[in-house]
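Descriptive structure summary
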Number of protein chains: 2
Amino acid sequence: MAASEFELIETYFSHTGGPREDVVLGVGDDCALLQVPRGQLLAVSIDTLVEGIHFLARTDPEALGHKALAVNLSDLAAAGATPAWATLALTLPESDTAWLEAFSAGFTALAERFGVQLVGGDTTRGPLTITVQVHGFADPARVLRRDRACPGDRIGITGSLGDAALALKLSAGVGSAVGIDRALADRLHRPLPRIDEGRALAGLARAAIDISDGLMADLGHICSQSGVGAHIYTDLLPLSGAVAAHIKETGDWSIPLTGGDDYELCFTARPQLTGKIEAEMHRLGCGFSWIGEIEKQPGIRCQGVSGDLLKGMVGGYEHFGTP
Amino acid sequence: MAASEFELIETYFSHTGGPREDVVLGVGDDCALLQVPRGQLLAVSIDTLVEGIHFLARTDPEALGHKALAVNLSDLAAAGATPAWATLALTLPESDTAWLEAFSAGFTALAERFGVQLVGGDTTRGPLTITVQVHGFADPARVLRRDRACPGDRIGITGSLGDAALALKLSAGVGSAVGIDRALADRLHRPLPRIDEGRALAGLARAAIDISDGLMADLGHICSQSGVGAHIYTDLLPLSGAVAAHIKETGDWSIPLTGGDDYELCFTARPQLTGKIEAEMHRLGCGFSWIGEIEKQPGIRCQGVSGDLLKGMVGGYEHFGTP
């Protein structure tokens, strides 16, 4: 099987996103050989998508190729890093040319958008599993991490929350994505990593994370790793028209609060820097919102429109506040 | 599932092989942040092991943890690189504490032997699949690659060939590894990457590869990527007592010629450097052998003890010689 593995990667991926000048040797040797710019940190992140867990069987392979890379690039965005290279470990039940072409097209289009070259990979036979590792560069003085939030920081969010969760809920309800607004479906299947926004926030924001598991969970990671808590206001949450209408109809705030897969950035910043951050987001044409503050007291307090704390939301994630 | 994924990696792997001074941020943030030494290339390799394809269900998880890292480190060895960091993407059918403890123990013991720190990972639910990416450093003037072999080069092999394939054949024959010599079984289940040998060969050898898919296939990669061919002699192949006895009994040369999983190094070198290489291998206590020469004519010619070319072996891999 060695020759065919080799040929699969060669055929579909050896030219993805390249050539970059810092790739001395790409796909096809034992190792890729790469040059990290002097003075920059190497930022790496690895993520796996499994059929039946992260996506349904018969998911459009072009969207899957996009998403497998996007969820990884989103981690680089959260660090304020500049993407450079990716590796791909693809486990496939069978060698399906049409599937591979479509997957490669989705992966490659996103890779080229952000200047990412595929430098290595492994193709194996087995249940459909996609592991991507991305590599980027980060300025050591400006890199963003989860554990730097301080009491008094404002909490910011790019874009809008809950669109992916609503698309998932609606498509489950109707049995397919047919009838769901295309823009809403794209938030679930073709998320766009906030690379430019992350780079702009580097050096301005104090802590950051990308929202993959839902706002409460991911803001919870910032809080627990920074040893702080947070107070957020539901009426400040950035909502698309579709999510706002759904909440009005159902009263269900879990969509924007705990729904995953949005891949927006959640960050904290000194109040003095809010103006600069607003200007940067405006320059990038990125909608964004301040949704609350970092506090000393552990846990996340989520205040509803009435002024009351949402009990369920607090209890569900209180354990992040206890060391 | 996010919190439990997070905790799995934290619990079993966050201290594996660390701390290294060049790890600014390891497991637990969006990205790991790493420092590559000035003037060194970053060498990366990614490999996947799938249950039912690369290993049987109920394989000893401690051996699996060892092997998942070993096969990747072997790629760094083939480049003459020095290992530094690893990432691990683990897909598991269920969260099995005993399995994870044993897997982690095998992975960690090998990581510590070679100074490798686990810096990131992802744990997902699904059919058992293990993807490891290793990262190492290589001197740009001395790094080994597949595409540098030249006609007239001698072809060298570390250690011995066919032990892993024989262990696999015997264990398949008897239904289990019981009754197989422990040392032979370890060649299959606990291969030792030739890291020190690869580093010693860097700057001396011209081309190198690790033997994962069998000598004929992997020497075939060197030949096709270098645009050359090879002539090898079966009576020069390094064989353990067990493999030599098996060939004497069965006449089956496929075990050392096309059997995989040995993770020895196959390299080529100028004839003038053979003395230096022999001295280095002697210094490391590593058995090794010269088994033939690189030739201009594409394809691999494998000459038996009688002086005749082994027909099946040539034909099976002739396609590597045609562009």
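Residues numbered from 1 in each chain as written. Chains lettered and ligands numbered in written order. Predicted model: local features only at pLDDT ≥ 70, side-chain atom pairs only at ≥ 80, totals over all residues.

Description of the relation of the copies chain A and chain B
The following threshold applies: To superpose the copies, least squares is applied to the C-alpha atoms of every residue with a pLDDT of at least 70 in both. Once C-beta atoms have been placed from the backbone, residue pairs whose C-beta atoms lie within 7 Å are recorded as contacts.
Superposing chain A onto chain B takes a rotation of 180° plus a shift of 0.0 Å along the axis, which leaves an RMSD of 0.0 Å. Taken together, the turn and the small shift mark the pair as related by a two-fold rotation axis. By residue overlap, the copies meet face to face through one surface: 100% of the interface positions of chain A are interface positions in chain B.

Quick word on the interface of chain A and chain B
For the record, the criterion: For the purposes of this entry, the term helix denotes a DSSP run of H or I that reaches at least four residues, the term strand denotes a run of E that reaches at least two, and both are numbered from the N terminus. All amino acids are sorted into three groups, where Ala, Val, Leu, Ile, Met, Phe, Trp, Tyr, Cys and Pro are nonpolar, Asp, Glu, Lys and Arg are charged, and the leftover types, Gly among them, are polar. A strand pair is defined by DSSP finding two or more bridges across the two strands.
Counting residues at the interface gives 49 residues for chain A and 49 residues for chain B. Considering every element that reaches the side of chain A that touches chain B, the biggest residue donor is strand β3 (residues 41-50) of chain A, with nine residues. Counted by class, the side of chain A that touches chain B contains 25 nonpolar, 13 polar and eleven charged residues. Pairing geometry for strand β2 (residues 32-34) of chain A and strand β3 (residues 41-50) of chain B, over three bridges, is antiparallel. By the bridge assignment, Leu33(A) is partnered in β3(B) with Ala43(B).

Digging into the pairing of strand β11 (residues 288-295) of chain B
Residue and element names in this part refer to chain B. Where strand β7 (residues 154-158) meets β11, five bridges bridge the pair, whose relative direction is antiparallel. Counterpart to isoleucine 155 in the pairing with β11 is glycine 292. The pairing of strand β9 (residues 229-233) with β11 spans four bridges and is classified as antiparallel. If you follow isoleucine 232 over to β11, its bridge partner there is glycine 292.

Thoughts on the domain arrangement of chain A
All names here are of chain A. Selection rule: All the domain ranges listed were derived from an automatic or database domain assignment.
Domain boundaries in chain A define domain 1 (2-138) and domain 2 (146-320). At the junction of the two partners, domain 1 supplies 16 residues and domain 2 supplies 18 residues. Where the side of domain 1 that touches domain 2 is concerned, the elements lending two or more residues are α2 (61-79) and β4 (82-92). It is α2 that contributes the most residues to the side of domain 1 that touches domain 2, twelve residues altogether. Here the residues of the side of domain 1 that touches domain 2 are counted per class, giving ten nonpolar, four polar and two charged.

Focus: helix α3 (residues 97-113) of chain A
All names here are of chain A. Basically, it comes down to this: Expected helix span is given by 1.5 Å per residue-to-residue step, counting one fewer step than there are residues. Three exposure classes are used. Buried residues have 20 or more other C-beta atoms within 10 Å of their own C-beta, exposed residues have 12 or fewer, and partly exposed residues fall in between, all C-beta atoms being placed from the backbone.
Given a rise of 1.5 Å per residue, 17 residues ought to cover 24 Å, and the 24 Å separating the end C-alpha atoms of α3 matches this to within 8%. Within the sequence span of α3, burial applies to Phe103, Ser104, Gly106, Phe107, Thr108, Leu110 and Ala111. Downstream of α3 by a residue or two, glycine 115 has a phi angle that is positive, lying close to 70°.

Topic: the packing of α2(A) against α3(A)
All names here are of chain A. Convention followed: Orientation is described by axes fitted as lines to C-alpha atoms, over the contacting stretch for helices, and by angles from 0 to 180 degrees between their N-to-C directions. Between 65 and 115 degrees an angle is taken as roughly perpendicular, under 35 as roughly parallel, over 145 as roughly antiparallel, and anywhere else as oblique. Here a crossing is taken to be left-handed if its near helix is turned anticlockwise relative to the far helix by less than a right angle, and right-handed if that turn runs clockwise.
One can describe the packing of α2 onto α3 by two numbers: an axis separation of 6 Å at closest approach and a directional angle of 40°. Here α2 lies oblique to α3, going by the angle between them. Seen from above, α2 lies across α3 with right-handed handedness. Only Trp99, Ala102, Phe103, Ser104, Ala105, Gly106, Phe107, Ala109, Leu110 and Ala111 of α3 make contact with α2, whose side of the interface consists of Pro61, Glu62, Ala63, Leu64, Gly65, His66, Ala68, Leu69 and Ala70. In terms of residue class, the contact of α2 with α3 is made up of 14 nonpolar, four polar and one charged.

A few points about the sheet that holds β2(A)
Taken in spatial order, the six strands line up as β1(A)-β2(A)-β3(B)-β6(B)-β4(B)-β5(B) in an open sheet, and their pairing is mixed. Across the chains shown, the open sheet's two edge strands, defined by having one partner strand only, are β1 (23-25) of chain A together with β5 (117-125) of chain B. Between one strand axis and the next, the sheet turns by 20° as a mean value, whatever way the strands run. In this structure, strand β4 (residues 82-92) of chain B lies alongside strand β6 (residues 129-138) of chain B, joined through nine bridges in antiparallel fashion. For Leu88(B), the partnering residue across the bridge sits in β6(B) and is Val132(B). On top of the sheet, helix α2 (residues 61-79) of chain B reaches β3, β4 and β6 of chain B; it is set at about 30° to β6(B), its chief contact.

So, unusual backbone geometry
Residue and element names in this part refer to chain A. Its identity is not glycine, yet tyrosine 263 carries a phi of approximately 55°, on the positive side. Its place among the elements puts tyrosine 263 in the loop between α9 (254-258) and β10 (265-269). Owing to 24 C-beta atoms within 10 Å, tyrosine 263 belongs among the buried residues under this scheme.

With respect to the confidence of the model for chain A
Residues and elements named next belong to chain A. Note the threshold: Looking at any residue, its pLDDT shows the predictor's confidence there, from 0 to 100.
Chain-level pLDDT for chain A is 89 on average; 91% of the residues reach the 70-or-more range. Ignoring residues within four places in sequence, the model shows residues 314-323, a span with pLDDT below 50, making 20 contacts including any to other chains. Scoring the predicted complex yields pTM 0.90 and, for the interface, ipTM 0.90.

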